Amino acid sequence: MNEQKILTGKGITVAVLDTGIFPHIDFDNRIAAFRDLVYGRETPYDDNGHGTHVCGILGGSGRASGGKYRGTAPECRFVVAKILDRRGNGRKQDILAAIDWVCKERIRLNIRILNISVGTTEQEKSVDDLLVQAVERAWDDGITVVTAAGNLGPAPGSITAPGSSRKVITVGAGDLLEPRRGISGCGPTRDCVCKPDLVAPGKRLISCAPGRSRKEYVVKSGTSMAAPRVSGAVALAFERVPDLTNVQAKMLLCESARDLGLPRNRQGHGMLQTDRFLSLL
């Protein structure tokens, strides 16, 4: 029995920190809350497109494509914080404020998962430490934090913060690991933590586009696209087993991943296998 066909993420709320979210037809009425830390606007929008693409991979219904481009958890709810501007740049204080907001709203909005397809490219340890501490507080609150490994790889030591956190689930792109053209961030981290935890597809993924593009879908690549695949898989798991913890989810994701035969600091435990992961619940 294919669990993925039965489970849809219904009743599970996922917070996404990104460039925003466009109210695309594929999101139905599932945007539960929106906070704009860049310009202070009230209604959902995305002046870059990155966040909308990430949300589509995570939970787009595929309505505009007749079901062809469905996300992993097509009935999950979104809580979105816009922390990046139209160029995809952001300030660390906005990221920290957004994580704080998600933690404060966790119970009211029933937020189970936090997807962060964003990483700092600053090499300042103090900035990295603040981000890592913030995501670890969210993790300790019971939120399953899923973060991209970053696109500065595949050289060793190229994981971006907050993906460098020991606790959170760090996702690389399994199809962007080639030595020459690959970009997926690889470990070890500055604190000698083996990362990523696992990898998922991230190359040339088709997902939702913001309204001004005149196209319903667009192609993007990167570890940003791999992370929401894992967030979506976790949403399905929480729908199936509501009292599953973040630590259990992480353990089962790693246990069910398919070994690609690469070093642990490149592939983690291997490629996401959603059906196998769900079968272990």
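Just above sits the structure.
Residues numbered from 1 in each chain as written. Predicted model: local features only at pLDDT ≥ 70, side-chain atom pairs only at ≥ 80, totals over all residues. Heavy atoms only, no water.

Student: Just checking my understanding: could you explain the sheet that holds strand 6 (residues 169-173) for this structure?
Tutor: Hydrogen bonds between backbone groups are what pair the strands of a sheet, and the pairing can be parallel or antiparallel. Sheet architecture is open: seven strands sit in the order 2-3-1-4-5-6-7, paired in parallel fashion. Only two strands of the sheet have a single partner each, and these edge strands are strand 2 (31-36) and strand 7 (198-200). Within the sheet, the average angular offset between the axes of one strand and its neighbour, ignoring direction, is 25°. Here strand 2 pairs with strand 3 (residues 77-82) via five bridges, running parallel. Each bridged residue has a counterpart across the sheet, and for F34 the counterpart in strand 3 is V80. (Pairing = 2+ DSSP bridges. Helix = DSSP H or I, 4+ residues; strand = E, 2+ residues; numbered from the N terminus. Axes fitted to C-alpha atoms, helices over the stretch in contact; angles between N-to-C directions.)

Student: Would you mind going over the layout of surface pockets with me for this structure?
Tutor: One number sums up the size of the second largest pocket: a volume of about 410 Å³. Along its surface, the second largest pocket is lined by 23 residues, and D128, I159, S164, T189 and R190 are the ones closest to its centre. The residue makeup of the lining of the second largest pocket, split by class, is six nonpolar, nine polar and eight charged. (1 Å grid on protein atoms, 1.4 Å probe; cavity = no way out; pocket = protein on both sides within 12 Å on 5 of 7 lines; lining within 4 Å. Points joined across faces, edges and corners; volume = space filled by probe spheres on them. Nonpolar A, V, L, I, M, F, W, Y, C, P; charged D, E, K, R; others polar.)

Student: I'm lost on the nonpolar core in this one. Help?
Tutor: When a protein is soluble and globular, its nonpolar side chains tend to lie buried together. Of all hydrophobic cores here, the largest spans 73 residues; its most connected members are L17, I99, V145, V171 and V230. Element by element, the count of residues in this core is highest for helix 5 (residues 223-240), at 10 residues. Dropping the residues within four chain positions of it, V145 is found in contact with L114, I116, V135, A138, W139, V168 and I169. (Core = buried A, V, L, I, M, F, W, Y, C linked by side-chain atoms within 4.5 Å. Buried < 20%, exposed > 50% of the residue type's maximum accessible area, 1.4 Å probe, protein only. Contact = heavy atoms within 4.5 Å.)

Student: Just checking my understanding: could you explain the pattern of salt bridges for this structure?
Tutor: Here the idea is simple: oppositely charged side chains can pair when their charged atoms come close. Scanning the entire structure with this criterion turns up 12 salt bridges. Salt-bridge contacts for R30 lead to D28; the nearest nitrogen and oxygen are separated by 3.0 Å. R30 sits in the buried class, given a relative accessible area of 9%. Note that R91 is salt-bridged to D94, the shortest N-O span being 3.1 Å. Salt bridges sharing common partners tie together D28, R30 and R63. (Salt bridge = Lys/Arg side-chain N within 4 Å of Asp/Glu carboxyl O.)

Student: Please explain the packing of helix 2 (residues 50-59) against helix 5 as it appears in this structure.
Tutor: Packed helices, taken two at a time, are described by the angle their axes make and the gap between the axes. Interaxial distance between helix 2 and helix 5 falls to 8 Å at its minimum, and their mutual angle equals 35°. The interaxial crossing formed by helix 2 with helix 5 has right-handed handedness. For the pair helix 2 and helix 5, contact is made by H50, H53, V54, I57 and L58 and by S224, M225, P228, R229, S231 and G232, respectively. Considering only residue class, the contact of helix 2 with helix 5 consists of five nonpolar, five polar and one charged. (Left-handed = near helix turned anticlockwise from the far one by under 90°.)

Student: Sorry if this is basic, but what is going on with the packing of aromatic side chains here?
Tutor: Two measures describe an aromatic ring pair: the distance that separates the ring centres and the angle between the ring planes. Applying the stated rule across the entire model yields three aromatic pairs. Seen from their ring centres, F27 and F78 are 5.1 Å apart, and the 65° between their planes marks the pair as edge-to-face. Note that F27 is positioned in the loop between strand 1 (13-18) and strand 2 and F78 in strand 3, a separation of 51 residues in sequence. Each of the two residues, F27 as well as F78, counts as buried. Ring geometry for F34 against Y45: centres 5.9 Å apart, planes inclined by 70°, an arrangement best described as edge-to-face. One end of the pair, F34, is in strand 2; the other, Y45, is in the loop between strand 2 and helix 2, with 11 residues separating them in the sequence. The two residues F34 and Y45 agree in class, both being buried. Here R41 stacks its cationic end above the ring of Y45, 3.6 Å away from the centre of that ring. The ring of F238 has R112 lying over it, and the distance from NZ or CZ to the ring centre is 3.8 Å. (Phe/Tyr/Trp six-rings, centres within 6.5 Å; stacked < 30°, edge-to-face > 60°. Lys NZ or Arg CZ within 6 Å of the ring centre and 35° of its normal.)

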